[in-house]
Amino acid sequence: MAHQRVHTGERPFTCSDCGRGFTCSSQLKIHQRVHTGERPFTCSDCGKGFTRSSHLQSHQRVHTGERPFTCSVCGKGFAQSSTLIAHQQVHTGQRPFTCSDCGKGFTTSSTLMAHQQVHTGERPFTCSDCGKGFTCSSQLKIHQRVHTGERPFTCSDCGKGFTRSSHLQSHQRVHTGERPFTCSVCGKGFNRSSNLIVHQRVHTGQRPFTCSDCGKGFTRSSDLMAHQRVHTGERPFTCSDCGKGFTCSSQLKIHQRVHTGERPFTCSDCGKGFICSFQLKIHQRVHTGERPFTCSDCGKGFTCSSQLKIHQRVHTGERPFTCSDCGKGFTRSSHLQSHQQGHTGERPFTCSVCGKGFTRSSTLIAHRRVHTGERPFTCSDCGKGFSCSSQLKVHQRIHTGEWPFTCSECGKGFTRSSQLKVHQRVHSGEKPFTCSSLNYTSE
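Computed from a predicted structure; not experimentally measured.

Visitor: Can you explain the overall build of the protein? Please cite residues and give values.
Guide: In terms of regular secondary structure, the protein is built from 16 helices and 32 strands. Along the first, second and third principal axes, the C-alpha set of the protein runs to 110 × 45 × 45 Å. Counting the 443 residues in the protein, one finds 28% classified as buried. Relative to all contacts within the protein whose residues are 6 or more apart in sequence, the contacts with residues 24 or more apart total 4%. Only carbon and sulfur atoms are counted for the fraction: they give 48% of the accessible area of the protein, which is about 29,300 Å². Here the protein holds 58 positive side-chain charges and 28 negative ones, and the gap between their average locations is 2 Å.

Visitor: So, the environment of Val 202: which residues are in play, and what are the values?
Guide: Looking at the secondary structure, you find Val 202 in helix α8 (residues 193–204). Owing to a relative accessible area of 61%, Val 202 belongs among the exposed residues under this scheme.

Visitor: Explain the pattern of salt bridges to me, and be specific about the residues and the numbers.
Guide: According to the stated counting rule, one finds 11 salt bridges in the structure shown. Arg 145 is the salt-bridge partner of Glu 150, the closest N and O atoms lying 3.8 Å from each other. Residue Glu 150 is classed as partly exposed on the basis of its relative accessible area, which comes to 40%. In this structure, the salt-bridge partner of Glu 234 is Arg 229, at a minimum N-O distance of 3.8 Å.

Visitor: Tell me about helix α4 (residues 81–92), and please be specific about residues and values.
Guide: Compared with an ideal rise of 1.5 Å per residue, which puts 12 residues at 16 Å, α4 spans 17 Å between its outermost C-alpha atoms and is within 8% of the ideal. Every buried residue of α4 is accounted for by Leu 84, Ala 86, His 87 and Gln 89. For α4, the elements touching its buried residues are β5 (69–70), β6 (77–78) and β13 (181–182).

Visitor: Before we move on, could you go through helix α3 (residues 53–64) and cite the residues and values that matter?
Guide: The terminal C-alpha atoms of α3, which comprises 12 residues, lie 17 Å apart, in line with the 16 Å expected from a rise of 1.5 Å per residue. When we look at burial in α3, the residues that qualify are Leu 56, Ser 58, His 59 and Arg 61. Summarising the contacts, the buried residues of α3 are in contact with β3 (41–42), β4 (49–50) and β5. Trailing α3 by a residue or two, Gly 65 shows a phi angle of about 80°, which is positive.

Visitor: Describe in detail the environment of His 395, supporting the description with residues and values.
Guide: As for its placement among the helices and strands, His 395 is situated in helix α15 (residues 389–400). As for His 395 and His 287, which are separated by 108 residues in sequence, their C-alpha atoms are 19 Å apart. Residue contacts for His 395: discarding those within four places in its chain leaves Cys 379, Cys 382, Lys 384 and Phe 386. Of the polar contacts made by the side chain of His 395, one reaches the side chain of His 399; its length is 3.2 Å.

Visitor: Could you give me a rundown of the side chain of His 423, with the residues and numbers involved?
Guide: Relative to the helices and strands, His 423 resides in helix α16 (residues 417–428). With a relative accessible area of 14%, His 423 lands in the buried category.

Visitor: With reference to specific residues and values, describe the side chain of His 367.
Guide: Position of His 367 relative to the elements: it lies in helix α14 (residues 361–372). Of the polar contacts made by the side chain of His 367, one reaches the side chain of His 371; its length is 3.2 Å. Setting aside anything within four residues of it in sequence, one finds His 367 in contact with Cys 351, Cys 354, Lys 356 and Phe 358.

Visitor: Give a detailed account of the state of the cysteines, specifying residues and quantitative values.
Guide: Enumeration over the complete set of coordinates arrives at zero disulfides. This cysteine, Cys 214, is not joined by any disulfide, and Cys 211 carries the nearest cysteine sulfur, 3.7 Å off. The cysteine Cys 270 is free of any disulfide, with Cys 267 supplying the nearest cysteine sulfur at 3.7 Å.

Cut-offs applied
Residues numbered from 1 in each chain as written. Predicted model: local features only at pLDDT ≥ 70, side-chain atom pairs only at ≥ 80, totals over all residues. Heavy atoms only, no water. Helix = DSSP H or I, 4+ residues; strand = E, 2+ residues; numbered from the N terminus. Buried < 20%, exposed > 50% of the residue type's maximum accessible area, 1.4 Å probe, protein only. Contact = heavy atoms within 4.5 Å. Areas by Shrake-Rupley, 256 points an atom, 1.4 Å probe, with all protein chains shown as cover. Lys, Arg positive; Asp, Glu negative; His and termini not counted. Charge placed at Lys NZ, Arg CZ, Asp CG, Glu CD. Salt bridge = Lys/Arg side-chain N within 4 Å of Asp/Glu carboxyl O. Expected span 1.5 Å × (residues − 1). Polar contact = N/O pair within 3.5 Å; in protein donor to acceptor, adjacent residues only side chain to side chain. Disulfide = S-S within 2.5 Å.

So, in structure tokens, the structure goes:
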């Protein structure tokens, strides 16, 4: 009889508090506990109470670690069958619950309901410590752990604690090496489905998060949030050692390794250490010879996109970083910073052997090799050694015959941009060096 009401839509048992209807009296009885606050089923491990015995049973699996419902596609386990059903939609792509405002799809009705508050601006759950609002109570509960420092989910391998069980589960894949979420385009694997979704935007070109100030698009909302601080000037994450501010916590964490000397990412080929995985990835291309970013004007290859972007300014003539003292323009902000030290006379990097000062740390490192005699960059053609990689690069053009810097007036080629610059004065007639004693301009 109760089942037939599913088809007829009849709900004869009504809650006197909120008017909600139910098909049977037992459902009404359970529902009324929402209003009375009664939670008769209590966990013996942590004391948490529940309105249903089935909810208690599912909760106890948090303590036992039992995950009896397993995904047949990726093998991921779940404590509840409903969570497994929602998870399987990650593989099928099915998102049956659609937002009427923006058309975005969701795997569960509760997720849709929470999302709709993005459009209404409603954040009914407020943190009593900092006043931050949330769309659902579970988000608030997790957030409060920021203030309490509670990290109830601990990794059994390394002891690291997490505020969410899902974060622990993803972290454990660092130890197991498991990457169950695979990109169908390039085959790259990920330890979280959310990381896969973001990665797929590399192939689709989708950048759904747009800056209202400059129109720049981002693949992640967190990247947009960090970018907006470029416009506001906000740098809320400050280094306790030097006071330098950063737009996001991850940048601060990497920066702090400058002070601690920590270099947790090590090259397996040469043993060189790096403060972040991205630097290691780029460095490894020195050994593999890979240069995936190619200039469309001259065909020159680069190990990272930022180097290509800076190089292209050679062709466009763009020098976006201008000295406020003399008006000279530079292709890099670091070059401007070093140049400005020429005006101030500041040379913060000093050689401990001879006391000579330098405007850049990289120049000091190269200079030290004058004292040590070290020449770590060797030409594979003739065996000649050099103290820095740029010298080797220029030298190799003797063997390859490459003349990448060409005069637009006469077509003559040069191995260095400085040689081209000097040569162009033949055409322009410029004689920038004047003798003050003889009032004679050098040829």
